[in-house]
Amino acid sequence: MTGLLFGTGGVPRSAKLKSTVSGIERLSELGLGCLELEFVRGVKMSEATAYEVAAAAARSGIRLSAHAPYFINLNAREPEKIRASQERLLKTARIASLCGAKSVIFHAAFYLGDPPQETYHTVRKYLAEILDQLRKEDNQVWLRPEVTGKPSQFGAIAEILDLCSELDGLAPCIDFAHWHARTGRSNSYPEFTSVLTQIKERLGRAALDNMHIHLSGIRYGNKGEISHLNLKDSDLDYAQLLRALKGCDAKGLVICESPNLEEDSQLLKTTYEGLA
Ligand SMILES: [Zn+2]
């Protein structure tokens, strides 16, 4: 794959129908390259639909990823909540694989007041079990823990990169808007480049060739992320970010999660293509 592909988190708003297949067709008409299937409120897609989605994506050359349900906490207090979280991730990975999606994105955990180091070990243990199970099923999707937007959520960049360097089958989802909201910083060319350099140093050049990025405008306060915004209503310096991505020759998918979805996705694509 060369360069970056741009697309939307969920069916674009201008799709004829609110279905995934219709969304894929619309993205193709718009000249965009990828779609993230949103299973954030649960996996309800049937296997039959998954095969239709896979066929539509293959026909139009749209690359797919899937976002697992929000109700996942691998650091939950109750064992049954851990098991339910593991099941939700497995279920997402199974349907994603039938759809031909290559990656499953998820928010791993909340600290719930635990020291981050302790949370890290708990998350790693339960993730390793999920990855074992997927290997047994010969499921090839990448599980991608996401960089999260609030300091109460597990998912600082270092935590995500540590996990990915320790567990096979794991790769990062770098949400630059989340990281900006979480830190109140990381919104300049040198800071973006420093994140990309860390990825390369911890995971190797291959990680920059296989990136999964979330992007949107974002509103934030001292507890981090508040809500997603359209890029032009936010302070995120997406042009400098795209310049940093191009400078490192990053390749992969950029999923736009702004409220206006395909509009910002096209803005990102044109800005990226306009870079010298
Ligand atoms: Zn997410």
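Residues numbered from 1 in each chain as written. Predicted model: local features only at pLDDT ≥ 70, side-chain atom pairs only at ≥ 80, totals over all residues. Heavy atoms only, no water.

Caption draft 1: Structural view of the state of the cysteines. Scanning the model with the defined rule gives 0 disulfides in all. The thiol of C99 is not disulfide-bonded; the next cysteine sulfur, from C34, is found 15 Å away. With no disulfide of its own, C248 lies 17 Å from the sulfur of C173, the closest cysteine sulfur. (Disulfide = S-S within 2.5 Å.)

Caption draft 2: Quick peek at the pairing of strand β8 (residues 217-221). By the bridge criterion, 5 bridges tie β8 to strand β9 (residues 224-229) in an arrangement that is antiparallel. Paired with R219 across the strands is S227, a residue of β9. Hairpin connection of β8 to β9: 2 residues between the antiparallel strands. (Pairing = 2+ DSSP bridges. Helix = DSSP H or I, 4+ residues; strand = E, 2+ residues; numbered from the N terminus.)

Caption draft 3: Up close: the coordination of the zinc ion. Distances from the zinc ion to its protein donors, H67 (NE2), H107 (NE2), E146 (OE) and E146 (OE), fall at 2.1 to 2.8 Å. Considering all 4 donor atoms around the zinc ion, the spread of angles at the metal, 51 to 148°, places the coordination shape in the irregular class. (Donors = N, O, S within 2.8 Å, 3.2 Å for Na, K, Ca; no water. Tetrahedral: all angles 85-135°; square planar, octahedral: opposite > 155°, others 65-115°.)

Caption draft 4: Helix α5 (residues 157-166), seen in detail. Residues I157, E159, I160, L161, L163 and C164 constitute the buried set of α5. Along its buried surface, α5 packs onto α4 (116-136), β5 (142-145), α6 (176-183) and α7 (189-203). (Buried < 20%, exposed > 50% of the residue type's maximum accessible area, 1.4 Å probe, protein only. Contact = heavy atoms within 4.5 Å.)

Caption draft 5: Here's a closer look at the pattern of salt bridges. The final tally for this structure, using the stated rule, is 14 salt bridges. The residue E29 makes a salt bridge to R26 at a minimum N-O spacing of 2.7 Å. A residue pair is termed a helical-turn pair when its members lie 3 or 4 positions apart in one helix, as E29 and R26 do in helix α1 (residues 20-29) at 3 residues. The shortest N-O distance in the salt bridge between R185 and E191 comes to 3.8 Å. (Salt bridge = Lys/Arg side-chain N within 4 Å of Asp/Glu carboxyl O.)

Caption draft 6: Quick peek at the environment of R59. Mapped onto the elements, R59 comes out in helix α2 (residues 47-60). Through-space distance from the C-alpha of R59 to that of P12 is 18 Å; in sequence the pair is 47 residues apart.

Caption draft 7: Representation of the packing of aromatic side chains. All told, the structure shown has 4 aromatic pairs when counted by the stated rule. Geometrically, the ring pair formed by Y111 and F154 is edge-to-face, given 6.2 Å between the ring centres and 65° between the ring planes. Placement of Y111 in the loop between β4 (103-106) and α4 and of F154 in the loop between β5 and α5 is noted, with a sequence separation of 43 residues between them. Across this residue pair, the class does not change: Y111 and F154 are buried. With centroids separated by 5.9 Å and ring planes inclined at 85°, the aromatic side chains of F176 and F192 adopt a geometry described as edge-to-face. (Phe/Tyr/Trp six-rings, centres within 6.5 Å; stacked < 30°, edge-to-face > 60°.)

That is the geometry; function is a separate question.
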